[in-house]
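Chain by chain, the residues:
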Amino acid sequence: TNKITKGIFELGSVFKTFTVALAIESKLFEPDTNINNIDNNIKCSKYQISDIKKFPTTMSVEDILIRSSNIGTLKIARKIGEEKYKKFLIDLKILSTPKLELDEIGSPLNFKWNKCKLETVSYGHGITTTPLQAAAAYAAITNGGYIIKPSLIKKPKIIPFSKNDQIISSETSKKINKILRKVVTDDKGTASQADIFGYDVGGKTGTSQKYNQKNKNINTFISSFPSKKPQYILLVMLDDPQVAK
């Protein structure tokens, strides 16, 4: 199976990038806006949502993405609202079946926007997509805001963007690229091992639980480089990685 085009996965915290991008684009927050009262866990309907480690109770929007706080992200998503968030994911083409010059194409699983769905989707849980779609969505977020159509090509060619395909402004895109760079360079960032000299990498990590296997994870890293003016998106997925002995 071609897992990149046909595999359907929860990608975890890489979705936090979309939440922050929409919040900035909607002019609800700036990267340096502080979010207060970030508890370590929160009750949503009958569910308990928590962070994997203790974070400060006040963090800026960019720190929430850099340090990858679930609670901070869901507080941002609640400010955005379900309808606006839902439309954004549709426009990003995360929830549709992608088109490509291959037969092995997967379709994200359908789900209902019931209680707490906005909150869990904001940090990448309870929503599936293909790695191809996730990479294409990251391309749009980092390239100035333009949706692209994935394609297999023999030689690189320049395809002009259409203003009609712009999902976020170039200004928002620049702000996101700066934050994704800090995810790699900041000592509290979740992707510091990707700070390779000469490559100017930005990106976001994500962890999700394997279906019906509580002790096994899928870890993802989506990167863009060079981060000041991205030319490439690279998605790496690890199936239940283990710490080296």
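Before reading further, recall that the structure is shown in the block above.
Draft legend 1. Main features of the overall build of the protein. For the protein, the helix and strand inventory stands at 7 helices and 7 strands. Reading the secondary structure of the protein in the N-to-C direction produces α-β-β-β-β-α-α-α-α-α-α-β-β-β. Its C-alpha atoms give the protein a radius of gyration of 17 Å, within 12% of the compact-globule value 18 Å for 245 residues. For the protein, the spread of C-alpha atoms along the principal axes amounts to about 50 × 45 × 40 Å. Considering only intrachain contacts with a sequence separation of at least 6, the fraction spanning at least 24 residues in the protein is 64%. Accessible surface for the protein amounts to roughly 13800 Å². Of this, 51% is attributable to carbon and sulfur atoms. Averaged over its 38 positive side-chain charges, the protein has a centre that lies 3 Å from the centre of its 23 negative ones.

Draft legend 2. Local environment of the packing of aromatic side chains. Taken as a whole, this structure holds 5 aromatic pairs when the rule is applied. Each ring, one from phenylalanine 225 and one from tyrosine 232, has its centre 5.5 Å from the other, and the planes form 25°; the classification is stacked. Connected via pairs of aromatic rings, a cluster forms that spans Phe15, Phe18 and Tyr138.

Draft legend 3. Fine view of the state of the cysteines. The full count for this structure, using the stated rule, is 1 disulfide. What pairs with cysteine 44 in a disulfide is cysteine 116, and their sulfur atoms sit 1.9 Å apart. What sets the handedness of the cysteine 44 and cysteine 116 disulfide is the S-S torsion sign, and at about -120° it is left-handed. Highlighted residues: cysteine 44 in strand β2 (residues 41–44) and cysteine 116 in the loop between α4 (82–91) and α5 (117–122), separated in sequence by 72 residues. Residues cysteine 44 and cysteine 116 agree in their burial class; the two are buried.

Draft legend 4. Looking closely at the sheet that holds strand β6 (residues 213–225). Sheet architecture is open: 3 strands sit in the order β5-β6-β7, paired in antiparallel fashion. Every other strand in the sheet has two partners, leaving β5 (202–210) and β7 (232–239) as the edge strands with one partner each. Recorded for the sheet is a direction-independent mean angle of 15° between the axes of neighbouring strands. Inspection of the sheet shows β6 paired to β7 by 8 bridges, in the antiparallel sense. Within the sheet, the bridge partner assigned to serine 223 lies in β7 and is leucine 234. Sheet contacts for helix α7 (residues 170–185): β5 and β6; angle to β5, the most-contacted strand, approximately 70°.

Draft legend 5. Looking closely at the packing of helix α1 (residues 16–25) against α4. Between α1 and α4, whose axes approach to 11 Å, the crossing angle comes to 115°. For the pair α1 and α4, the crossing hand works out as right-handed. Residues Phe18, Thr19 and Leu22 of α1 touch α4, and the partners they reach there are Lys84, Tyr85 and Phe88. Residue composition of the contact of α1 with α4, by class: 4 nonpolar, 1 polar and 1 charged.

Draft legend 6. Region of interest: the nonpolar core. With 59 residues, the main nonpolar core has Phe18, Ile76 and Leu92 as its most contacted residues. For this core, the element with the most residues is α1, which contributes 6 residues.

Draft legend 7. Representation of helix α6 (residues 131–142) in the model. Between the first and last C-alpha of α6 there are 16 Å, a value that for 12 residues agrees with the 16 Å anticipated at 1.5 Å per step. Summarising burial for α6: 12 of the 12 residues are buried, a large majority. Looking at the buried residues of α6, the elements they touch are α1, α4, α7, β5, β6 and β7. A positive phi of about 110° marks glycine 144, the residue just after α6.

Draft legend 8. Main features of unusual backbone geometry. Residues phenylalanine 225 and proline 226 are joined by a peptide bond in cis, for which omega reads -10°. Tracing the backbone shows proline 226 in the loop between β6 and β7. Look at asparagine 37: it is not a glycine, yet its phi comes out positive at around 55°. Positionally, asparagine 37 belongs in the loop between β1 (34–35) and β2. Judged by relative accessible area, asparagine 37 falls into the exposed class, the value being 59%. One non-glycine residue, lysine 93, lies in the positive phi region at around 65°.

Definitions and limits used
- Residues numbered from 1 in each chain as written.
- Predicted model: local features only at pLDDT ≥ 70, side-chain atom pairs only at ≥ 80, totals over all residues.
- Heavy atoms only, no water.
- Helix = DSSP H or I, 4+ residues; strand = E, 2+ residues; numbered from the N terminus.
- Rg over C-alpha atoms; globule rule 2.2 N^0.38 Å.
- Contact = heavy atoms within 4.5 Å.
- Areas by Shrake-Rupley, 256 points an atom, 1.4 Å probe, with all protein chains shown as cover.
- Lys, Arg positive; Asp, Glu negative; His and termini not counted.
- Charge placed at Lys NZ, Arg CZ, Asp CG, Glu CD.
- Phe/Tyr/Trp six-rings, centres within 6.5 Å; stacked < 30°, edge-to-face > 60°.
- Disulfide = S-S within 2.5 Å.
- Buried < 20%, exposed > 50% of the residue type's maximum accessible area, 1.4 Å probe, protein only.
- Pairing = 2+ DSSP bridges.
- Axes fitted to C-alpha atoms, helices over the stretch in contact; angles between N-to-C directions.
- Left-handed = near helix turned anticlockwise from the far one by under 90°.
- Nonpolar A, V, L, I, M, F, W, Y, C, P; charged D, E, K, R; others polar.
- Core = buried A, V, L, I, M, F, W, Y, C linked by side-chain atoms within 4.5 Å.
- Expected span 1.5 Å × (residues − 1).

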